[in-house]
Amino acid sequence: MPDAGPIDCDVHPFVPSLKALHPYLDRFWRDTFIRRGLEELNSTSYPTVNPLTARADWREAGGKPPSTPARLAANVLDPMGTRLAICNCLYGVQLLYNEDMAIALTRALNDWIAREWLDADPRLRASIVVAPQNPHAAAEEIDRCAADPRFVQVLMLVSGEAPLGKRQHWPIFEAAQRNNLALGIHAGSAYRHPVTAVGWPTTFTEDYVNQAQAFQSGLTSLLAEGVFTKFPDLTVVLIESGVTWLPAHAQRLTKTWKGVRPDIPWVVQAPDEIMRARVRLTVQPFDGPPDARGLERILDHLGSDEILLFATDYPHWQFDGLEALPPGIPDGLRRKMMVDNPLRTYVRLKQTLGETVA
Ligand code: ZN
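Criteria and thresholds
Residues numbered from 1 in each chain as written. Predicted model: local features only at pLDDT ≥ 70, side-chain atom pairs only at ≥ 80, totals over all residues. Heavy atoms only, no water. Phe/Tyr/Trp six-rings, centres within 6.5 Å; stacked < 30°, edge-to-face > 60°. Helix = DSSP H or I, 4+ residues; strand = E, 2+ residues; numbered from the N terminus. Buried < 20%, exposed > 50% of the residue type's maximum accessible area, 1.4 Å probe, protein only. Lys NZ or Arg CZ within 6 Å of the ring centre and 35° of its normal. Pairing = 2+ DSSP bridges. Contact = heavy atoms within 4.5 Å. Axes fitted to C-alpha atoms, helices over the stretch in contact; angles between N-to-C directions. Right-handed = clockwise from strand over helix to strand, strands pointing away. Donors = N, O, S within 2.8 Å, 3.2 Å for Na, K, Ca; no water. Parallel < 35°, antiparallel > 145°, perpendicular 65-115°, else oblique. Nonpolar A, V, L, I, M, F, W, Y, C, P; charged D, E, K, R; others polar. Salt bridge = Lys/Arg side-chain N within 4 Å of Asp/Glu carboxyl O.

Caption draft 1: Looking closely at the packing of aromatic side chains. Applying the stated rule across the entire model yields 10 aromatic pairs. Ring geometry for Phe173 and Phe231: centres 6.2 Å apart, planes at 75 degrees, overall edge-to-face. Residue Phe173 is found in helix H5 (residues 170–178), and its partner Phe231 is found in the loop between helix H8 (227–230) and strand E6 (236–239); the two are separated by 58 residues along the sequence. Assigned by exposure class, Phe173 and Phe231 land together as buried. For the pair Tyr191 and Trp200, a centre-to-centre distance of 6.5 Å together with 25 degrees between the ring planes defines the contact as stacked. By relative accessible area, which is 54% here, Trp200 ends up exposed. An aromatic cluster is built from Phe28, Trp29 and Phe33, whose rings are joined through pairwise contacts. The ring of Phe319 has Arg55 lying over it, and the distance from NZ or CZ to the ring centre is 5.6 Å. When the ring centre of Trp266 is taken as origin, the NZ or CZ atom of Arg167, which lies over that ring, is 5.7 Å away.

Printed below as a string of structure tokens:
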């Protein structure tokens, strides 16, 4: 571990029940949820009982994923000597068809994160959860939360109502850029469409593996619609996407772009160069080969040592023990992934630490 401790770019606060958000809802919505008997709104992509949702030794008595900052500290932050960790709360707000309800819940959720997590541990930072069902309200929520410098990113799911780059989402990107926030795209779906391009799959395994397909489509949409050109200061972080799909996809996209450039004339730089400069990936779960030589090849194909960000993906069950990085990573790259790359990616981390990074 580096001297100053690693920066963990993906940990998940678990909302124990809808009741936990009641103090942060206005009376109308609190009464509405009570009257309707709504008690849970968990992410459908990570069902509570699924083994991948929480590592067995981290689950609370009764089987629920761990739901307090004290448990996060005891399970990961203290043993790893973590300097900072970014909380990405996955909750079912993106799935709702009622925009007003989704907006009320994201406000409550972000306030809950600030009060119950960020206030509880000075090592914690967080992403602003938004409801892309209403991008203008989402932008307002970004501006509201951005007053707190501990929010360092805007969080969206990779699969929503429309491909990520569509102009309807641009108010969200504009607000993120305006506030020096990265745009985090996490695995997960609002289930408006199948997670595969060929229809609804049968099993959780298919859903999980095919998230990489959704990331390819989402990233291609961001690029082709011109988001990287329109928002030159926006960094996109793909969270829990895996990493091995990117080099082949970037190669295919770049080759096609060379042939049909007039189709997207606003993309004036080669897609693989844009991705190396503007796209970052968290490394957990790592889907590369287990041996050092295979890892070396993947890193070579990625073409930059600034792309990968350290993450544990706590409490998801991707690794045992405390070694969240694959073996064989050279020391220099290890430090970059754990400290330098996160600090460069998340401008606000530097600001809250009072540090400048070259
Ligand atoms: Zn995650």
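Caption draft 2: View of the sheet that holds E6. Read from one edge of the open sheet, eight strands run E1-E2-E3-E4-E5-E6-E7-E8, paired in parallel fashion. If you trace the sheet from one side to the other, it starts and ends with strand E1 (7–11) and strand E8 (308–309), each paired once. Bridge analysis of E1 against strand E2 (residues 84–87) gives three bridges, and the strand direction is parallel. Counted as the bridge partner of Asp8 is Ala85 from E2. Sitting on the sheet, helix H7 (residues 211–225) is in contact with strand E4 (151–159), strand E5 (182–189), E6 and strand E7 (279–282), with an inclination near 145 degrees to E5.

Caption draft 3: Focus on the pairing of E7. Taking every second residue as pointing to the same face, both faces of E7 are buried, with Val279 and Leu281 on one and Arg280 and Thr282 on the other. Bridging between E7 and E8 involves two bridges; their strand directions are parallel. Bridge pairing links Thr282 to Leu309 in E8. Each parallel crossover has a hand, and for E7 linked through helix H11 (residues 292–302) to E8 it is right-handed.

Caption draft 4: How the structure looks around the coordination of the zinc ion. In the first shell of the zinc ion, the protein supplies Asp10 (OD), His12 (NE2), His186 (NE2), Glu240 (OE) and Asp313 (OD), at 2.1 to 2.2 Å from the metal. Considered as a linear motif, the donors of the zinc ion on their single chain read D-x1-H-x173-H-x53-E-x72-D. Here His186 lies in strand E5 and Asp10 lies in strand E1, a separation of 176 residues in the sequence. Across the pair, His186 and Asp10 agree in class, each one buried.

Caption draft 5: Quick peek at the environment of Asn42. Tracing the chain through its elements places Asn42 in the loop between helix H1 (27–36) and helix H2 (69–80). For Asn42, a relative accessible area of 21% gives the class partly exposed. Sequence spacing of Asn42 and Gly92 is 50 residues, and the spatial spacing of their C-alpha atoms is 5.0 Å. With sequence-adjacent residues up to four places away left out, Asn42 is seen in contact with Phe14, Val15, Thr48, Tyr91 and Gly92.

Caption draft 6: Quick look at the packing of helix H9 (residues 245–259) against helix H10 (residues 271–278). Across the interface, H9 lies against H10 with an axial gap of 7 Å and an inter-helix angle of 140 degrees. For the element pair H9 / H10, the angle class is oblique. For the pair H9 and H10, the contacting residues are Leu246, Ala250, Leu253, Thr254 and Trp257 in the first and Pro271, Asp272 and Met275 in the second. Here the contact of H9 with H10 is built from residues that sort into six nonpolar, one polar and one charged.

Caption draft 7: Molecular detail of unusual backbone geometry. Cis geometry is found at the peptide bond from Gln284 to Pro285, where omega equals 5 degrees. Position of Pro285 among the secondary structure elements: in the loop between E7 and H11. In this model, Asn180 sits at a positive phi of 60 degrees, which is unusual for a non-glycine residue. We classify Asn180 as partly exposed; its relative accessible area is 38%. Of note in this structure, Asp313 is not a glycine but carries a positive phi near 60 degrees. Its place among the elements puts Asp313 in the loop between E8 and helix H12 (331–345).

Caption draft 8: Highlighting the environment of Arg335. Topologically, Arg335 is positioned in helix H12. Among the residues examined, Arg335 registers a relative accessible area of 40% and is labelled partly exposed. As a C-alpha pair, Arg335 and Asp78 span 257 residues in sequence and 19 Å in three-dimensional space.

Caption draft 9: The side chain of Thr106, seen in detail. Structurally, Thr106 is set in helix H3 (residues 99–118). The residues touching Thr106, leaving out its near neighbours within four places in the chain, are Val93, Val129, Val130, Ala131 and Glu141.

Caption draft 10: View of the pattern of salt bridges. This model, assessed by the stated rule, comprises 17 salt bridges. A salt bridge links Lys64 to Glu40; its shortest N-O distance comes to 3.3 Å. One end of the pair, Lys64, is in the loop between H1 and H2; the other, Glu40, is in the loop between H1 and H2, and 24 residues separate them in sequence. Judged by its relative accessible area of 32%, Lys64 falls in the partly exposed class. For Glu40, a relative accessible area of 39% puts it in the partly exposed group.

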